Amino acid sequence: MAAEHVTSTNMALAKAINESLRRALDTDPKVLVMGEDVGKLGGVFRVTDGLQKDFGEDRVIDTPLAESGIVGTAIGLALRGYRPVVEIQFDGFVFPAYDQIVTQLAKMHARSLGKVKMPVVVRIPYGGGIGAVEHHSESPEALFAHVAGLKVVSPSNPSDAYWMMQQAIQSDDPVIFFEPKRRYWDKGEVNTEAIPDPLHKAKVVREGTDLTLVAYGPMVKLCKEVADAAAEEGKSLEILDLRSVSPLDFDSIQASVEKTRRLVVVHEAPVFFGSGAEIAARITERCFYHLEAPVLRVGGYHAPYPPARLEEEYLPGLDRVLDAVDRSLAY
Amino acid sequence: MAAEHVTSTNMALAKAINESLRRALDTDPKVLVMGEDVGKLGGVFRVTDGLQKDFGEDRVIDTPLAESGIVGTAIGLALRGYRPVVEIQFDGFVFPAYDQIVTQLAKMHARSLGKVKMPVVVRIPYGGGIGAVEHHSESPEALFAHVAGLKVVSPSNPSDAYWMMQQAIQSDDPVIFFEPKRRYWDKGEVNTEAIPDPLHKAKVVREGTDLTLVAYGPMVKLCKEVADAAAEEGKSLEILDLRSVSPLDFDSIQASVEKTRRLVVVHEAPVFFGSGAEIAARITERCFYHLEAPVLRVGGYHAPYPPARLEEEYLPGLDRVLDAVDRSLAY
Amino acid sequence: MTVESTAARKPRRSAGTRKSPSTKPELVQLLTPEGKRVKNAEYDKYVADITPEELRGLYRDMVLTRRFDAEATSLQRQGELGLWASLLGQEAAQIGSGRALRDDDYVFPTYREHGVAWCRGVDPTNLLGMFRGVNNGGWDPNGNNFHLYTIVIGSQTLHATGYAMGVAKDGADSAVIAYFGDGASSQGDVAESFTFSAVYNAPVVFFCQNNQWAISEPTERQTRVPLYQRAQGFGFPGVRVDGNDVLASLAVTKWALERARSGEGPTLVEAYTYRMGAHTTSDDPSKYRADEEREAWEAKDPILRLRRYLEASNHADEGFFAELETESEALGRRVREAVRAMPDPDRFALFEHAYADGHALVDEERAEFAAYQASFTDGEGA
Amino acid sequence: MTVESTAARKPRRSAGTRKSPSTKPELVQLLTPEGKRVKNAEYDKYVADITPEELRGLYRDMVLTRRFDAEATSLQRQGELGLWASLLGQEAAQIGSGRALRDDDYVFPTYREHGVAWCRGVDPTNLLGMFRGVNNGGWDPNGNNFHLYTIVIGSQTLHATGYAMGVAKDGADSAVIAYFGDGASSQGDVAESFTFSAVYNAPVVFFCQNNQWAISEPTERQTRVPLYQRAQGFGFPGVRVDGNDVLASLAVTKWALERARSGEGPTLVEAYTYRMGAHTTSDDPSKYRADEEREAWEAKDPILRLRRYLEASNHADEGFFAELETESEALGRRVREAVRAMPDPDRFALFEHAYADGHALVDEERAEFAAYQASFTDGEGA
Ligand SMILES: Cc1ncc(C[n+]2csc(CCOP(=O)(O)OP(=O)(O)O)c2C)c(N)n1
Ligand SMILES: Cc1ncc(C[n+]2csc(CCOP(=O)(O)OP(=O)(O)O)c2C)c(N)n1
Ligand SMILES: [Mg+2]
Ligand SMILES: [Mg+2]
């Protein structure tokens, strides 16, 4: 990233998305923002705060309370040449729209043999750690990554949130944009004149030699804490922020694992059939002779997301990840 | 299985399910069969043929054309003490019901702290190979296995179809019952007085020493052909019919892999985030020092299910599985 | 071909400003906001034999429900609850409909039916578990024929319909009632529940509390005609009742339940009411609605209205109101204490109840979790 | 509490036998089955200036569509197609509505709108690709403003609504038409499309061909009142037209499109018609419906009806019919030959178009696939 005449501002992740949406609405008249309560309220997390005021009800659209309708009409708007960015209010409420996403949004481009594009972004605040009630803390990314035709991304910090949203909106493919809701209030520098990395490329956020930690979205920050703690014990962990779940940047993971020879994948979603499974399977295939230990996974359990008072037990935390690191290093 | 006074009949897989439903309707007045066209027509595959005639419209219920409604009302009926067996007409049409399945059916027991049971079976004819149009050939099992609260099974032969359906109906948990539609017409012996194996236990359907092939549903038959072909080349393959995708019987897979030291997983579903990923990840963890080669996966590609004239290229076939076997043995 | 013509179209009316083509919808009302009893040829008979004691009972229900609700709101502010969804303003709709039910009827609530829960005899503190974060549903639905709160908007209307289909299969003459909001009316599931219940003639009452708002969206974002009219296109009657009138809510619900019981099938009741508070304690209504609106609705307060009637008709004396005040305070205290004493769940509860018949992976994960916990010297985790 | 009471309930009427509470629904008809032109105060004006040539054109459209359809059915029997969904009997509904459209209007079909495709100028052989299994949709939707066939029942009604919202945003005065069936009316998506289109006042016509059957289920399994009535509860008009009357279908659709164009918002048209053939070539209607029903509908045949009118009014002579016969045969031949010549897709088409902007995994899989294919000595795979 160029360091000259930088226009960098410190802002929270939610605000970075807000600024990114604002820029998109400003520069492309075809961009629309749609969803429940995105207008005057600015969304329950205020991510769309002020946008309706500035761009009008025709561009920033409060929709009826029906997720299938939101995505289904966004598909129609995309067919008409618009670029809708739709908000699903919480992770657990994307399922009424799942049919439209899987059978229509994901397949329309292929079905038309490339004649129609589907530049639709589906924003989903996801993950736990905010003490919410049921359906407000889930991480369903694997359910989208398995579906061809979709792209699935998740930023971990304000700068990525800003730029990945720009790129998602510019993409002619549907992008499921998972926003780490418990990091909405975390601040970071955003340089709105930077040249961003490609959307689907992973980033080494910390170099290390003993073991690779792979994460995305809310778990990247945790992994940094883990690496700090491990460093105190003399262990050098490399951290890869995947940023994209579909496609997965296996090349970057492979490069890191060929160096460290050990891999631990961390996500909030249940381990069973989660991203970690795919990463473990493919990296083991690619790095069979490099791995000193099996790829270990730290994630949610195979149980419905628990009530808030138990979520700290359910979610990967410092100790659980360190435990996996130790187990890996013990091989 | 006891061999004395056997009442064994040769019948097609579809017929075996029909007989199993008939038995359930006959023995438990709380069992209901529901779905689109399940009545007079007997379903588009005739799996429910004759049931409405014999048990009446009150037990075998033609529903409005609305999958969310079918599963949602089945949940209500289960709350009232019924045991509904609902049919989704084809794999690709389960998605309108996905919300009810994931947010309600799967979570109701946990949400109620065990106070209410959800004995609902969701029957889904799945998979390709029948030359059908779009949405009629998919294998979405991973999308259900990732969801805690559901059980996911798939029989490969008439006997298992019969018995696993009995067990699914008797289960107090929701069971997603994937029926290998291209095997509906395959015949096999069904002993209606046998003592069946546990529902979620894998079966060694062929013993071997050089490599383990793991499959379920429609791919088991293919794996047998693969093993035959490999045998001609002097390779001894062991075949495990998983029967259950959630839970997965890792103990049985591990036992086999500890013997053969090589594993290839075959399914029709896309490889990316598919069952093979979970199996590879966990078995590699369990058998790290036993495996002579990485677990290899053969399955669908990361592309929408293709038009019928291309499905043979998309689906795992004899040569593609043999190729994977060779690659594994080459390590 | 590209679309070129851009002329000729009349300027579109922005949605929400569009007026209903029909005339002003009829609103069933038995008590005016001033507490005057008005006659209604159709519905009077459903409350004809109501006694002063029963009227005081309704009043007491509303007061105690409001008191409980206020206590919950303040417990949330004190950090004892993570969230609270207040029913403030909707007491009459809930108590009126709730008291119309028979014990053997079955209720499918949203997350706001605290007043109905009260009528069913669910201990109010049980409602708080999910809002405190100690469980996702803390009562036995079959204990009081009151299903768990459902958060995914609209889902429960299908459960209610299925349950009602089961009631019909059993040959029972009980009825089922499904609560939902004005926002929920847009969900496909609600429409499907209308279709299924009509086709199977299921004994279910759809009780829509139109409290004018779905979080920040006014009802005009969901429909351009009054919601009760939705029913006729599915082949069953819909009626709009003054949801701030407990007597009317009681009468209309009784009528609808009777229809269900006698094999007439589903009915839609739209209770026209107002969410006087925020959507939940996380919400800030000042972002999207004017104070004056709330003030206008305060004049129609459901509790005040019945009190005026009770006083004017001499059905209740000072002693009653004073006693109720005491009872009210006691309820608040009891709830406060019960919530504070509510223990956190054991960490192993994570793995409980995911399945009724067990699941090998859950067993494996539980064992790993136990070993992990045991690995800490203090035996307590970090 | 358990439910004990089982008495008192009247025996339930089994669903489907329940009669509509309303009176016999009005059916807009301009041509009787006998081919007599009947007056209609409201809709006559939409076909007042229709010329004999245009009438012959409608007839020709219907005949050629039926011929094409029959050819496709027989191509399926010959193994050239994997499946065919015949429109037999629905020609008038489709040609009437299809010819009401302007070029800049946009169509969202189901999988059975071959007649509408014909009106849009989509080459009929293009429709066959997906039924042959060489693609999942073989034409450019923007080429003729005719979207791809949609198989997931009801989905396209939301796409149509969104598209129409876009038309309105553009300030264009074109309209959008969404086709769906009687069965589809039960899907939540269709209800949501009614809600969205009403709330945003979108210029869309919902055209429901009620062909009496959803595979084996009669319309009574979907609704207990006539389907056109569904619209009013969402705040827009619904009308039932004789779907076997091409003139009436044309007139009513024109009216509805005009409403859309002039900012009046959505309209529901229920075209009352009959699926004279099987659901698809995979279906066997003898399992669930009586021959007599079909025979009764044959008397109302849409093509016969217009022919009688053309003949009685001397709008067409023997020569016209003879020439059409020849054209018809030529079309059949052309379709037959085109289908037989349709090549199988290249195997690498598997990986094409999954994404517009590419996807690393698809690239990787394509490369592996290529290497795998190349590994065979014959270069052809097994
Ligand atoms: C499927 C789904 N989408 C979104 C939400 C988030 N949400 C919770 S309450 C609510 C508004 C509900 O409005 P209404 O139905 O009128 O009920 P009210 O809250 O006014 O009682 C929304 C959008 C949800 N719970 N479920
Ligand atoms: C969501 C979904 N569920 C089920 C099916 C299977 N299916 C295909 S056509 C059909 C009946 C459709 O009936 P209707 O809407 O009346 O249209 P018609 O076929 O009569 O034209 C069904 C159930 C489907 N395609 N999509
Ligand atoms: Mg509301
Ligand atoms: Mg039909």
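What you see is a predicted model; the values in this text were computed from it and never measured.

Trainee: When you look at the sheet that holds strand E14 (residues 296-300) of chain B in this model, what are you seeing that I'm missing?
Mentor: In any sheet, the strands associate via hydrogen bonds between backbone groups, in a parallel or an antiparallel arrangement. All names here are of chain B. Read from one edge of the open sheet, five strands run E9-E11-E10-E13-E14, paired in mixed fashion. The strands lining the two open edges of the sheet, one partner per strand, are strand E9 (203-206) and E14. On average, adjacent strands in this sheet sit at an angle of 25° to one another, irrespective of strand direction. Examined bridge by bridge, strand E10 (residues 211-215) and strand E11 (residues 237-241) share five bridges and lie parallel to one another. Bridge pairing in E11 places Ala215 opposite Asp241.

Trainee: Sorry, what's going on with the site of ligand 2 here?
Mentor: Neighbouring ligand 2 are 20 residues, the closest being Glu67 of chain B together with Tyr111, Arg112, Ile151 and Asp182 of chain D. More than one chain reaches ligand 2: the nearby residues come from chains B and D. A distance of 2.7 Å separates an oxygen atom of ligand 2 from a polar atom in the side chain of Arg112 of chain D. Between ligand 2 and the protein, one listed contact pairs an oxygen atom with a side-chain N or O atom of His279 of chain D at 3.4 Å. Relative to its unbound accessible surface of 580 Å², ligand 2 loses 95% to contact with the protein. Class assignment of the residues belonging to the shell around ligand 2 gives a composition of 10 nonpolar, six polar and four charged.

Trainee: Help me understand the packing of helix H4 (residues 124-132) of chain C against helix H11 (residues 318-341) of chain C, please; the structure alone is not making it clear to me.
Mentor: Two packed helices can be described by the angle between their axes and the distance between those axes. Residue and element names in this part refer to chain C. The contact between H4 and H11 brings their axes to 10 Å, and the two run at 45°. Taken as axis vectors, H4 and H11 run oblique relative to one another. Between H4 and H11 lies a crossing whose hand is right-handed. Here Pro124, Thr125, Leu128 and Arg132 of H4 come into contact with H11, specifically with Leu331, Arg334, Val335, Ala338, Val339 and Arg340. Classifying every residue of the contact of H4 with H11 by side-chain character gives six nonpolar, one polar and three charged.

Trainee: Help me out: how do you make sense of the nonpolar core in this one?
Mentor: Grouped burial of nonpolar side chains is what soluble globular proteins tend to show. In terms of nonpolar packing, the biggest core is built from 396 residues, with Phe144 and Ile253 of chain A, Phe144 and Ile253 of chain B, Leu306 of chain C together with Leu306 of chain D touching the most fellow members. What Leu306 of chain C contacts, discounting residues up to four positions off in sequence, is Leu31, Leu55, Leu58, Tyr59, Met62 and Val246 of chain C. Membership of the second largest hydrophobic core comes to 21 residues, among which are Leu213, Val220, Val321 and Leu322 of chain A.

Trainee: How do you make sense of helix H4 (residues 124-132) of chain D when you look at a structure like this?
Mentor: One full turn of an α-helix is made of 3.6 residues, so residues set three or four places apart face in the same direction. Residue and element names in this part refer to chain D. Counted residue by residue, H4 has eight buried out of nine residues, so it is predominantly covered. Burial in H4 covers these residues: Pro124, Thr125, Leu127, Leu128, Gly129, Met130, Phe131 and Arg132. Elements that come into contact with the buried residues of H4 comprise helix H1 (52-77), helix H3 (114-120) and helix H10 (318-341). Measuring from the side-chain oxygen of the N-cap residue of H4 to the backbone nitrogen of Thr125 gives 2.9 Å; that N-cap residue is Asp123. Immediately beyond the C-terminal end of H4, within one or two residues, lies Gly133, with a positive phi of roughly 90°.

Trainee: Help me understand the confidence of the model for chain C in this model?
Mentor: A low pLDDT score tells you not to read the predicted coordinates there in detail. All names here are of chain C. The pLDDT averaged across chain C works out to 93; a share of 92% of its residues lies at or above 70. Across residues 1-22 the pLDDT falls below 50, and counting only partners more than four positions away or on other chains, this stretch makes 55 contacts in the model. On the interface metric, ipTM, the complex scores 0.97, and its pTM is 0.96.

Trainee: What should I look at first to understand the UniProt feature "domain: Transketolase-like pyrimidine-binding" (unreviewed entry) in chain A in this one?
Mentor: Sequence positions flagged by UniProt for "domain: Transketolase-like pyrimidine-binding" (unreviewed entry) are, in local numbering, residues 11-186 of chain A. Secondary structure content for residues 11-186 of chain A is 35% helix and 17% strand, while the C-alpha to C-alpha distance between its ends is 8 Å.

Trainee: Teacher, can you tell me more about the domain arrangement of chain C here?
Mentor: Put simply, an interface is often sized by how much accessible area is lost when its parts join up. As far as domains go, chain C holds domain 1 (6-340) and domain 2 (347-382). Each of domain 1 of chain C and domain 2 of chain C has a C-alpha centre, and the two are 41 Å apart.

Trainee: Looking at this model, I keep getting lost on the coordination of the magnesium ion (ligand 3). Mind explaining?
Mentor: The reference angle at a metal is 109.5 degrees if four donors form a tetrahedron and 90 or 180 degrees if six donors form an octahedron. Residues and elements named next belong to chain C. Those donors, Asp182 (OD), Asn211 (OD1) and Trp213 (O), are the protein atoms that reach the magnesium ion (ligand 3), and they lie 2.0 to 2.1 Å from it. Mapped onto the polypeptide sequence, the residues donating to the magnesium ion (ligand 3) form the spacing pattern D-x28-N-x1-W. In this pair, Asp182 is assigned in the loop between strand E2 (176-181) and helix H7 (188-199) and Asn211 in the loop between strand E3 (204-210) and strand E4 (213-214), connecting sequence segments 29 residues apart. Its relative accessible area of 1% is what places Asp182 among the buried residues.

Trainee: What is the right way to look at the side chain of Gln166 of chain B in this model?
Mentor: Residue and element names in this part refer to chain B. The topology assignment puts Gln166 in helix H7 (residues 158-170). Among the polar contacts listed, one links the side chain of Gln166 to the backbone oxygen of Ser20, at a separation of 2.8 Å. Excluding residues within four positions of it along the chain, Gln166 makes contact with Ser20, Arg23 and Ala24.

Trainee: Looking at this structure, I do not really get the packing of aromatic side chains. What am I missing?
Mentor: On inspection of all chains with the given rule, the structure shows 92 aromatic pairs over all chains. Relative to Phe206 of chain C, the ring of Phe194 of chain C has its centre 4.8 Å away and its plane inclined at 55°; by these criteria the two rings are tilted. Within this pair, whereas Phe194 of chain C is found in helix H7, its partner Phe206 of chain C is found in strand E3, the two being separated by 12 residues in sequence. We note that Phe194 of chain C, like Phe206 of chain C, is buried. Here the aromatic residues Phe95, Tyr98, Tyr126, Phe144 and Phe178 of chain A together with Phe95, Tyr98, Tyr126, Phe144 and Phe178 of chain B are joined through ring pairs into a cluster of three or more. Looking at Arg230 of chain C, its charged tip hangs above the ring of Phe234 of chain D, at a distance of 4.0 Å from the centre. When the ring centre of Phe321 of chain C is taken as reference, the NZ or CZ atom of Arg307 of chain C above it lies at 3.8 Å.

Parameters and conventions
- Chains are numbered independently. Their residues run from 1 in the order of the written sequence.
- Each chain gets a letter, beginning with A, and each ligand a number, beginning with 1, in the order they are written.
- Where local features are concerned, this predicted model is filtered to residues with pLDDT of at least 70; where side-chain atom pairs are given and counted, the filter is 80 or more; whole-chain, interface and lining totals use all residues.
- Where side-chain values are given, they derive from all heavy atoms of the structure, hydrogens and water being excluded.
- By definition, two strands form a pair when at least two bridges between them are found by DSSP.
- Strands here mean DSSP runs of E at least two residues long; helices mean DSSP runs of H or I at least four residues long; both are numbered from the N terminus.
- Lines are fitted to the C-alpha atoms to define the axes, a helix being fitted only along its stretch in contact, and any angle between axes, read from their N-to-C directions, falls within 0 to 180 degrees.
- Here a residue is near a molecule or strand as soon as one of its heavy atoms is found within 4 Å of it.
- Two N or O atoms form a polar contact when they lie within 3.5 Å of each other; inside protein one atom must be a possible hydrogen donor and the other a possible acceptor, and for residues adjacent in sequence the pair counts only when both atoms belong to side chains.
- For the accessible areas, the method is Shrake-Rupley and the probe is 1.4 Å, while residue cover comes only from the protein chains on display.
- The nonpolar class holds Ala, Val, Leu, Ile, Met, Phe, Trp, Tyr, Cys and Pro. Asp, Glu, Lys and Arg form the charged class, and all remaining residues, Gly among them, are polar.
- Between 65 and 115 degrees an angle is taken as roughly perpendicular, under 35 as roughly parallel, over 145 as roughly antiparallel, and anywhere else as oblique.
- The sense of a crossing depends on the near helix, which, turned anticlockwise from the far helix by less than a right angle, makes the crossing left-handed and, turned clockwise, makes it right-handed.
- We call two residues in contact whenever any of their non-hydrogen atoms come within 4.5 Å of each other.
- Nine residue types can take part in a nonpolar core, namely buried Ala, Val, Leu, Ile, Met, Phe, Trp, Tyr and Cys, and a core is a set of them joined through side-chain atoms within 4.5 Å.
- The cut-offs for exposure are 20% and 50% of the maximum accessible area for each residue type, with area from a 1.4 Å probe on protein chains only; residues under the lower value are buried, those over the upper are exposed, and the others partly exposed.
- The predictor's confidence in any single residue is recorded as pLDDT, a number from 0 to 100.
- UniProt positions are given in the numbering used here, feature names are shortened, and annotations may be inferred rather than shown by experiment.
- Residue ranges for the domains trace back to a domain assignment, done automatically or taken from a database.
- Shown as donors are all N, O and S atoms within 2.8 Å of a metal ion, widened to 3.2 Å for Na, K and Ca; because water is not in the atom set, sites may appear incomplete.
- Pairing of aromatic rings covers Phe, Tyr and Trp, the last counted by its six-membered ring, and requires centre-to-centre distances within 6.5 Å; plane angles under 30 degrees mean stacked, over 60 mean edge-to-face, and any other angle means tilted.
- Any Lys NZ or Arg CZ found within 6 Å of a ring centre and within 35 degrees of that ring's normal is scored as a charge over the ring.

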